[in-house]
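# Descriptive structure summary
The chain contents come next:
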Amino acid sequence: QTNGELTLDQIYEYIQLPQLYDVIDKPLNDLKQNIAHFAAGVHIDGYEQLRKMNTIIQKILKNKYSILEKKDVLSRSSFDIACEAENYNFLKLLLSGADFYELLSLRFELMKSLRKLPKEQLNEVLPFVKEIYKKNDLSFDM
């Protein structure tokens, strides 16, 4: 609340809580942002940060992947925040780690977020999104 954001290490510590399932979707600030909102805004660099972010994403997917679609008070999902921050590594890691049912469930909200992108950015992100969906025998037509 005080800083307005969480670091990768703070998020990593949070997802280690033994009672994670009970608290993962709880708002962490006055904007009603959950852990997925914060993770979507964190840019990573290097192997150690990649490993931590991958662990965070796997915990989110395992415990409550629906929090990725929850909106904050500004009506932004974690997909919206990742797109605003041009944090396509977050999207790649998330989609690569999701299973068929998670991808199916998250598809509509992801499409809504991607439609808000300027054409240049959409052209950058859409190929890898479509590729991941295709690998899982799912369509992703915008």
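Presented here is a report on the structure given in the accompanying data block. Remember, predicted model here, so these are calculated numbers, not experimental data. (Residues numbered from 1 in each chain as written. Predicted model: local features only at pLDDT ≥ 70, side-chain atom pairs only at ≥ 80, totals over all residues. Heavy atoms only, no water.)

## Remarks on the overall build of the chain
As a reminder, the rule being used: Each helix is a run of H or I in the DSSP string that is no shorter than four residues. Each strand is a run of E no shorter than two, and both are numbered from the N terminus. Here the globule rule reads 2.2 Å times residues to the power 0.38, and the radius of gyration is calculated from C-alpha atoms. Throughout this description, buried means an accessible area under 20% of the type-specific maximum (1.4 Å probe, protein chains only), exposed means over 50%, and partly exposed covers the range between. We call two residues in contact whenever any of their non-hydrogen atoms come within 4.5 Å of each other. The Shrake-Rupley method, run with a 1.4 Å probe sphere, supplies the accessible areas, and residue values consider only the shown protein chains as cover. Only four residue types enter the tally: Lys and Arg on the positive side, Asp and Glu on the negative side, with His and both chain ends excluded. For the purpose of locating charges, the reference atoms are NZ of Lys, CZ of Arg, CG of Asp and CD of Glu.
Scanning the chain for helices and strands turns up eight helices and zero strands. Starting at the N terminus and walking to the C terminus, you meet the elements of the chain as α-α-α-α-α-α-α-α. Taken against the 2.2 N^0.38 rule, which gives 14 Å for 142 residues, the C-alpha radius of gyration of the chain at 14 Å falls within 12% of a compact globule. With respect to the principal axes defined by its C-alpha atoms, the chain has extents near 40 × 30 × 25 Å. Put simply, the chain has 142 residues, and 46% of those count as buried. A separation threshold of at least 6 residues defines the contact pool for the chain, and within that pool the share at least 24 residues apart is 71%. Total accessible area on the chain stands at roughly 7,800 Å², and carbon and sulfur atoms take up 49% of it. Across the chain, the mean location of the 19 positive side-chain charges is 4 Å away from that of the 21 negative side-chain charges.

## Brief notes about the nonpolar core
Where we set the bar: Residues enter a nonpolar core if they are buried and are Ala, Val, Leu, Ile, Met, Phe, Trp, Tyr or Cys, with the set joined through side-chain atoms within 4.5 Å.
Within the largest apolar cluster, 47 residues are counted, with the highest numbers of intra-cluster contacts made by Met53, Phe90, Leu91 and Leu114. Looking at this core, the elements with two or more residues in it are helix H1 (8-14), helix H3 (35-40), helix H4 (47-64), helix H5 (78-84), helix H6 (88-97), helix H7 (100-115) and helix H8 (119-135). Looking at this core element by element, the count peaks at seven residues for H8. When sequence neighbours within four positions are dropped, the list of residues in contact with Phe90 reads Ala36, Ala39, Ala40, Met53, Ile57, Leu68 and Ala82.

## Notes on the environment of Gly46
Within the element layout of this structure, Gly46 appears in the loop between H3 and H4. The partly exposed category is assigned to Gly46, whose relative accessible area is 42%. Residues Gly46 and Tyr88 lie 42 residues apart in sequence; the distance between their C-alpha atoms is 15 Å.

## Regarding the packing of aromatic side chains
Heads up, the rule is: Each aromatic pair joins two rings of Phe, Tyr and Trp (for Trp, the six-membered one) with centres within 6.5 Å, and gets the label stacked for planes under 30 degrees apart, edge-to-face for over 60, and tilted for any other angle. Charges are assigned to positions over rings by a cutoff of 6 Å between ring centre and Lys NZ or Arg CZ, combined with an angular limit of 35 degrees from the ring normal.
The final tally for this structure, using the stated rule, is two aromatic pairs. Here Phe100 and Tyr101 contribute two aromatic rings whose centre-to-centre distance is 5.2 Å and whose plane-to-plane angle is 85°, an arrangement assigned as edge-to-face. Under the relative-accessibility criterion, Tyr101 is labelled exposed at 60%. A centroid spacing of 4.8 Å and a plane angle of 45° characterise the contact between Tyr133 and Phe140, whose relative ring orientation is tilted. By relative accessible area, Tyr133 is classed as buried at 0%. Above the face of the Tyr12 ring, Lys52 is positioned so that its terminal group lies 5.5 Å from the ring centre. When the ring centre of Tyr21 is taken as origin, the NZ or CZ atom of Lys64, which lies over that ring, is 4.5 Å away.

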